[in-house]
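# Understanding the architecture of this molecule
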Amino acid sequence: MSAGAIKTVDSGGGRGRRRSRRALPMSEINVTPFVDIMLVLLIIFMVAAPLSVVGVPVELPQTAATALPGDEEEPLTVTITAQGVVMIQETEVPPAELVTRLRAIAAERTSNKIFLRADGSNAWNRVAEVMGALNAGGFSDIGLVTDIGGPTFDGSDG
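Quick look at the structure, then. (Residues numbered from 1 in each chain as written. Predicted model: local features only at pLDDT ≥ 70, side-chain atom pairs only at ≥ 80, totals over all residues. Heavy atoms only, no water.)

## Some remarks on the pairing of strand S7 (residues 113-118)
Counted residue by residue, S7 has six buried out of six residues, so it is predominantly covered. The side-chain alternation of S7 yields two buried faces, one formed by Lys113, Phe115 and Arg117 and the other by Ile114, Leu116 and Ala118. Sheet topology places strand S4 (residues 77-80) next to S7; four bridges connect them, and they run parallel. Of the residues in S7, the one forming a bridge with valine 78 is leucine 116. Across five bridges, S7 lies against strand S8 (residues 141-145) in parallel orientation. Note that in S8 the partner of arginine 117 across the bridge is valine 145. (Buried < 20%, exposed > 50% of the residue type's maximum accessible area, 1.4 Å probe, protein only. Helix = DSSP H or I, 4+ residues; strand = E, 2+ residues; numbered from the N terminus. Pairing = 2+ DSSP bridges.)

## Structural notes on the environment of glycine 132
Within the secondary structure, glycine 132 sits in helix H3 (residues 124-136). For the pair formed by glycine 132 and valine 99, sequence separation is 33 residues and the distance between their alpha carbons is 9.4 Å.

## A few points about the sheet that holds S7
Pairing is mixed in the open sheet, where five strands are placed in the order S6-S5-S4-S7-S8. Looking at strand neighbours, the two that pair on one side only are strand S6 (91-92) and S8, the edges of this open sheet. Pairing of S4 with strand S5 (residues 86-88), which is carried by three bridges, proceeds in the antiparallel orientation. Bridge assignment links isoleucine 80 to a residue of S5, and that residue is valine 86. The strands touched by helix H2 (residues 98-108) within the sheet are S4, S5, S6 and S7, with S5 carrying the most contacts at an inclination of about 15°. Running at roughly 160° to S7, H3 makes contact with S4, S5, S7 and S8 of the sheet. (Contact = heavy atoms within 4.5 Å. Axes fitted to C-alpha atoms, helices over the stretch in contact; angles between N-to-C directions.)

These figures capture arrangement, not role.
Shown next, in the form of C-alpha cells:
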C-alpha cells in the first residue's frame, strides 16, 4: 500500500462558493526515510568495521619492514599466542591437525599466500616449526606479521 499527497488546484472563474477543484499528484520526493536508513547503515558499518580484524591478541615484534601488497582474497592468518597455541584465523587448532586443516583450506583458495602472526615471547624454534607446517600444508608464500617502528638493521655488530 502506498500513500501520496494530493494537491488541489482551484479552477478560478467560478461563482461564489462553488469552485470546482481537481486533484493533481504532488511531484516532490520525500527523502527523509532515505536519509534515516542511510544513517542507520552508516552507524552499523562504523561499529562492524573494527570487529572484522583478526582478534587474537598477541604482542608482535617490531621491525623496520614495509607492508606487503594487498590481495583480492581475504588474507588467511595463522597466529601463535604467547602460550604457544596455534590458531587459524580465530579457531584454535591442535598441532596434530594443523597440516591436515591447512591442506583442506589450500584446496579451496586461489592464492597460496598466508600470514603468520607470532607473539614476540615465542622461541624461534616454535615459529620455525609452524612455518614448516604451513609449507607442508600447501602455503609457500608466508608473510611474517610484525609491528612497524622497530630498530633498523645496519649490519654492524653490537
